[in-house]
Amino acid sequence: MRKEDFYELLDIDYPAEFQYFENLAAFLECDEELEYEDVAELFQGVDKDTLAQLVDNYFEELTDFVPGSETGVYSILDNVRRALMGMARNCDDDTMETKLADELERFRRWYSIDSRVYLTNLGTMDEREFTLRDALVNARIEKLDGDKFQYDFSECENYVLDEYIVSFGDMIAANEAEEMADTGEEDELYM
């Protein structure tokens, strides 16, 4: 895909415009071949604090649609979220920017192209193969549609975060922020 087409897909003209949930969703849900140089250039020009917030919001919504019994997939997505947020927040040199772009692209390819989930329609017992992206879209639709499915995510449980570790400080900060939001203390702190 040409760079111009890639940016059009993301609804931006240049990297600094990549600041909305829809921009990240368009990137992560793209199932076309992208030029790595274009991906790397994009994420070098994106505001990293904004990117960390977009990743947090996207993955929070994404995990809402993981079927409740699929704790392995939920854990993988949560770990990816934490790793990407930590990398974005601590992106202070070209090496880390490259690793961030690598991990975003690797996740996109796995999520929207390479992953395999098997869905069995419980009414007809028909089985179909989906990507993780499409299986989670189906899980959203299932809540509205009425058809019930059994999900087999076993082939998705092999995603490994290559040597990326979210710092202990980032984990504590994220947990404290979640606890404050859950208890409403955040509002009290700023009054």
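Procedures and definitions
- The written sequence of each chain sets the order in which its residues are numbered from 1.
- Totals for whole chains, interfaces and linings use every residue, but because this is a predicted model, local features are given only for residues with pLDDT of at least 70 and side-chain atom pairs only at 80 or more, for both listing and counting.
- With hydrogens and water excluded, all non-hydrogen atoms of the structure serve as input to the side-chain values.
- Only runs of H or I of at least four residues qualify as helices and only runs of E of at least two qualify as strands under DSSP, and these elements are numbered from the N terminus.
- For every residue, the accessible area obtained with a 1.4 Å probe (protein chains only) is divided by the maximum for its type, and the residue is called buried under 20%, exposed over 50%, and partly exposed between those limits.
- Note on definitions: a residue-residue contact is assigned when non-hydrogen atoms from the two residues lie within 4.5 Å.
- Only the protein chains shown count as cover for residues, with accessible areas throughout obtained via the Shrake-Rupley method and a probe of 1.4 Å.
- Values of pLDDT, the confidence the predictor places in each residue, fall between 0 and 100.
- Definition used for salt bridges: Asp or Glu carboxyl oxygen within 4 Å of a side-chain nitrogen of Lys or Arg.
- Any pair of nitrogen or oxygen atoms within 3.5 Å is treated as a polar contact; in protein, a donor-acceptor pairing is required on top of that, and neighbouring residues in sequence qualify only through side-chain atoms on both sides.
- Orientation is described by lines fitted to C-alpha atoms, with helices fitted over the stretch in contact, and by angles between N-to-C directions that extend from 0 to 180 degrees.
- An angle below 35 degrees is treated as roughly parallel, one above 145 as roughly antiparallel, one from 65 to 115 as roughly perpendicular, and anything else as oblique.
- Polarity classes work like this: nonpolar for Ala, Val, Leu, Ile, Met, Phe, Trp, Tyr, Cys and Pro, charged for Asp, Glu, Lys and Arg, and polar for all others, with Gly in that last group.
- The patch calculation keeps residues exceeding 30% relative accessible area without a salt bridge and links them within 9 Å when they carry like charges or within 5 Å when they are nonpolar (Val, Leu, Ile, Met, Phe, Trp, Tyr).
- Within this scheme the basic residues Lys and Arg register as positive and the acidic residues Asp and Glu register as negative, but His and the chain ends are omitted.
- Charge positions are represented by NZ for Lys, CZ for Arg, CG for Asp and CD for Glu.
- For two strands to be treated as a pair, DSSP must find at least two bridges joining them.
- Only buried Ala, Val, Leu, Ile, Met, Phe, Trp, Tyr and Cys residues count toward a nonpolar core, and they belong to the same one when joined by side-chain atoms within 4.5 Å.

Q: Where do I start with the overall build of the protein in this structure?
A: Helix and strand counts for the protein stand at 9 helices and 3 strands. A total of 191 residues make up the protein; the buried ones form 42% of that total. In the protein, 68% of the contacts between residues at least 6 apart in sequence involve partners at least 24 apart. When the accessible surface of the protein is split by element, carbon and sulfur atoms take 46% of a total near 10,800 Å².

Q: What is the right way to look at the confidence of the model for the protein in this model?
A: Note that predicted coordinates carrying low pLDDT should not be read in detail. Averaged over all residues, the pLDDT of the protein is 86; the fraction at 70 or higher stands at 84%. By mean pLDDT, helix α9 (residues 185-189) is the weakest element of the protein at 45, and helix α2 (residues 21-28) is the strongest at 97.

Q: In this structure, what is going on with the pattern of salt bridges? I would like to understand it.
A: Oppositely charged side chains can form a pair if their charged atoms are brought close together. A complete count under the given rule lists 12 salt bridges for this structure. Residue Lys48 is joined to Glu97 by a salt bridge in which the shortest nitrogen-to-oxygen separation is 3.3 Å. Within this pair, whereas Lys48 is found in helix α4 (residues 48-63), its partner Glu97 is found in helix α6 (residues 94-114), the two being separated by 49 residues in sequence. Judged on exposure class, the residue Lys48 and its partner Glu97 are both buried.

Q: I would appreciate a short explanation of the side chain of Ser115 in the present structure.
A: Looking at the element boundaries, Ser115 is found in the loop between α6 and β1 (117-121). Polar contacts involving the side chain of Ser115 include one to the main-chain carbonyl oxygen of Trp110, which spans 2.8 Å. Reaching out from Ser115, the side chain makes a polar contact with the backbone oxygen of Tyr111 at a distance of 3.3 Å.

Q: Where do I start with the packing of helix α1 (residues 3-10) against α2 in this structure?
A: In a packed pair of helices, the relevant descriptors are the angle between the two axes and the axis-to-axis distance. At a minimum axis separation of 8 Å, α1 and α2 run at an interaxial angle of 130°. In terms of their interaxial angle, α1 and α2 are classed as oblique. From α1, Phe6, Leu9 and Leu10 reach across to α2, where they touch Asn23, Ala26 and Phe27. Here the residues of the contact of α1 with α2 are counted per class, giving 5 nonpolar, 1 polar and no charged.

Q: Honestly, unusual backbone geometry in this entry has me stumped. Any pointers?
A: Excluding glycine, most residues fall at negative phi; most peptide bonds, likewise, are trans. Of note in this structure, Asp11 is not a glycine but carries a positive phi near 65°. Position of Asp11 among the secondary structure elements: in the loop between α1 and α2. When its relative accessible area of 68% is taken as the criterion, Asp11 is described as exposed. Phi is positive for Met125, which is not a glycine, with a value near 65°.

Q: What am I meant to see in a negative patch on the surface here?
A: On the surface, Glu8, Asp11, Asp13 and Glu22 cluster together into a negatively charged patch. Turning to its location among the elements, Glu22 is positioned in helix α2. Residue classification places Glu22 among the exposed residues on the basis of a relative accessible area of 54%.

Q: Sorry, what's going on with the sheet that holds strand β3 (residues 149-152) here?
A: Sheet strands line up and pair through hydrogen bonds in the backbone, either parallel or antiparallel. In spatial order, the strands read β2-β1-β3; together these 3 strands make up an open sheet with antiparallel pairing. This sheet does not close on itself; its edge strands, each paired only once, are β2 (127-130) and β3. When the angles between neighbouring strand axes are averaged without regard to direction, this sheet yields 25°. For β1 and β3, the ladder comprises 4 bridges, and the chain directions are antiparallel.

Q: What should I look at first to understand the nonpolar core in this one?
A: If you look at the biggest cluster of nonpolar residues, it comprises 51 residues, and the most contacted ones within it are Phe18, Phe27, Phe43, Leu51, Phe59, Leu77 and Leu132. Per-element accounting of this core gives the leading share, 8 residues, to helix α5 (residues 71-89). With residues up to four places along the chain from it excluded, the contact list for Phe43 reads Phe18, Phe27, Lys48, Leu51, Ala101 and Leu104.

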